[in-house]
Amino acid sequence: MLAVNFLLLAAALFAIGVYGVIARRNAVMVLMSIELILNAVSLNLVAFALMTGAVDGQVFALYVIAIAAAEVGVGLAMVLMIYRNRKSIALDELSEMKG
Amino acid sequence: MSAVILAADDVNVAQNVGFGIIAAIMIFAALKVVTTKNVVHAALWLVVVLSGIAAQYILAAAEFVAISQVLVYIGAVMVLFLFGIMLTRAQIGKESDLNNKGWALGIPVGLVLFGLLAWVILDAFGDDILPDSGPTPTVSLSDQFLSIYLVPFLAISFVLLAAAIGAIVLARKD
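Residues numbered from 1 in each chain as written. Chains lettered and ligands numbered in written order. Predicted model: local features only at pLDDT ≥ 70, side-chain atom pairs only at ≥ 80, totals over all residues.

**Student:** Could you clarify how one ought to interpret the packing of helix H2 (residues 27-52) of chain A against helix H3 (residues 56-86) of chain A in this entry?
**Tutor:** Residue and element names in this part refer to chain A. For the pair H2 and H3, the least separation of the axes is 8 Å and the interaxial angle reads 175°. Put simply, H2 runs roughly antiparallel to H3. Contact residues: H2 offers Ala-27, Val-28, Leu-31, Glu-35, Leu-38, Val-41, Ser-42, Leu-45, Val-46, Phe-48 and Ala-49, while H3 offers Asp-56, Gly-57, Gln-58, Phe-60, Ala-61, Val-64, Ile-65, Ala-68, Val-72, Gly-75, Leu-76 and Val-79. Of the residues belonging to the contact of H2 with H3, the class tally is 17 nonpolar, four polar and two charged. (Axes fitted to C-alpha atoms, helices over the stretch in contact; angles between N-to-C directions. Helix = DSSP H or I, 4+ residues; strand = E, 2+ residues; numbered from the N terminus. Parallel < 35°, antiparallel > 145°, perpendicular 65-115°, else oblique. Contact = placed C-beta atoms within 7 Å. Nonpolar A, V, L, I, M, F, W, Y, C, P; charged D, E, K, R; others polar.)

Written out as structure tokens, the structure is:
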């Protein structure tokens, strides 16, 4: 199996996730797009672990999974708090500062 | 170039076919995640992408990471997402204002990013063939975790604890 298979798939997922972060207005949808980006990165790490024969890449993929779990927990708690205060989670209505 | 390598003896054809099918499903589902008009449908399409990633981990001989992916992402993170959607949304069904006003800017950014990444990847790893290895024993992973990666392992435990406490403090009504 070619290494570029995994790497190109991860690049496509990463680009789709970046598009989602830019295009989406709903905060929960932006968090989902960030999950796509994180998964693309850990797919790369696992592919490189297979390529080099060392398991270090898999160790880091597990770290990425743990960090993503923490990030989603805190992110959704923040979204809930914003929704409770403003009755909306549209990100373009969140600007407090002028300019 | 690729066709020649595909015809070589040391490339597993069944593995490539499986990879291609799963990758096509994953990219279709990822596009649905960022384009669908229904938030709940986006979460369910994200389940398809995450399952595909777990299948790719198994193809890449990383069983333990695949199992962790299923447990943590599909089991825990998706439940969190569905709760987040249910607690923050008023209407069920299609929404018309899910995208920003400048959403079209994302298309060229995504295309240029993918083009650059694909160019660099093909330039650097165009001919590299992954070795046909068996499943990675979990013992070797745990050896790494408990020897040279022990300090990051402890640090990430504190990060998870801090995130759990922080989420409770942020989300509770007082």
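**Student:** Got a minute to help me understand the interface of chain B and chain A in this structure?
**Tutor:** The figure often quoted for interface size is the accessible area lost as the parts come together. At the junction of the two partners, chain B supplies 75 residues and chain A supplies 62 residues. When residues of the side of chain B that touches chain A are traced back to their parent elements, those giving at least two are helix H2 (13-35), helix H3 (39-59), helix H4 (63-88), helix H5 (106-125), helix H6 (138-145) and helix H7 (150-171) of chain B. Broken down by element, the side of chain B that touches chain A gets its largest block of residues, twelve residues, from H4(B). When its residues are assigned to classes, the side of chain B that touches chain A shows 55 nonpolar, 18 polar and two charged.

**Student:** Explanation requested: the nonpolar core in the structure shown.
**Tutor:** Counting residues in each nonpolar core, the largest one holds 74 residues, and the members touching the most others are Val28(A), Val46(A), Val33(B) and Val49(B). Every element with two or more residues in this core is listed here: helix H1 (3-23), H2 and H3 of chain A together with H2, H3, H4 and H7 of chain B. Examining the composition of this core, we find that 15 residues originate from one element, H1(A), more than from any other. Residues contacting Val49(B), with those up to four places away along its chain left out, are Leu36(A), Met26(B), Ala29(B), Ala30(B) and Val33(B). (Core = buried A, V, L, I, M, F, W, Y, C linked by C-beta atoms within 7 Å. Buried ≥ 20, exposed ≤ 12 C-beta atoms within 10 Å, placed from the backbone.)

**Student:** Looking at this model, I keep getting lost on unusual backbone geometry. Mind explaining?
**Tutor:** Most peptide bonds are trans, and most residues other than glycine sit at a negative phi. Its identity is not glycine, yet Ala61(B) carries a phi of approximately 65°, on the positive side. A residue is classified by how many C-beta atoms lie within 10 Å of it, and Ala61(B), with 19 of them, is partly exposed.

**Student:** Teacher, can you tell me more about the confidence of the model for chain B here?
**Tutor:** Atom-level detail of predicted coordinates should not be read off regions where pLDDT is low. Scored by pLDDT, chain B has a mean of 87; 91% of the residues are at 70 or more. For this predicted complex, the interface score ipTM comes out at 0.90, alongside a pTM of 0.89. (pLDDT = per-residue confidence, 0-100.)

**Student:** Would you take a moment to explain H2(B) for this structure?
**Tutor:** Since the α-helix packs 3.6 residues into each turn, any two residues three or four apart lie on the same face. In a regular helix each residue adds 1.5 Å, so 23 residues correspond to 33 Å; H2(B) covers 33 Å between its end C-alpha atoms and thus fits that length. Of all the residues in H2(B), the buried ones are Phe19(B), Ala23(B), Met26(B), Ala29(B), Ala30(B), Val33(B) and Val34(B). Here the buried face of H2(B) lies against H1 and H2 of chain A together with H3 of chain B. (Expected span 1.5 Å × (residues − 1).)

**Student:** Even after reading the chapter, I still don't get the environment of Ile65(A), so can you show me in this structure?
**Tutor:** Here Ile65(A) lies in helix H3. It is 8.3 Å that separates the C-alpha atoms of Ile65(A) and Asn39(A), two residues lying 26 residues apart in sequence. Those residues in contact with Ile65(A) that sit more than four places away from it in its chain are Ser42(A), Ser68(B), Gln69(B) and Val72(B).

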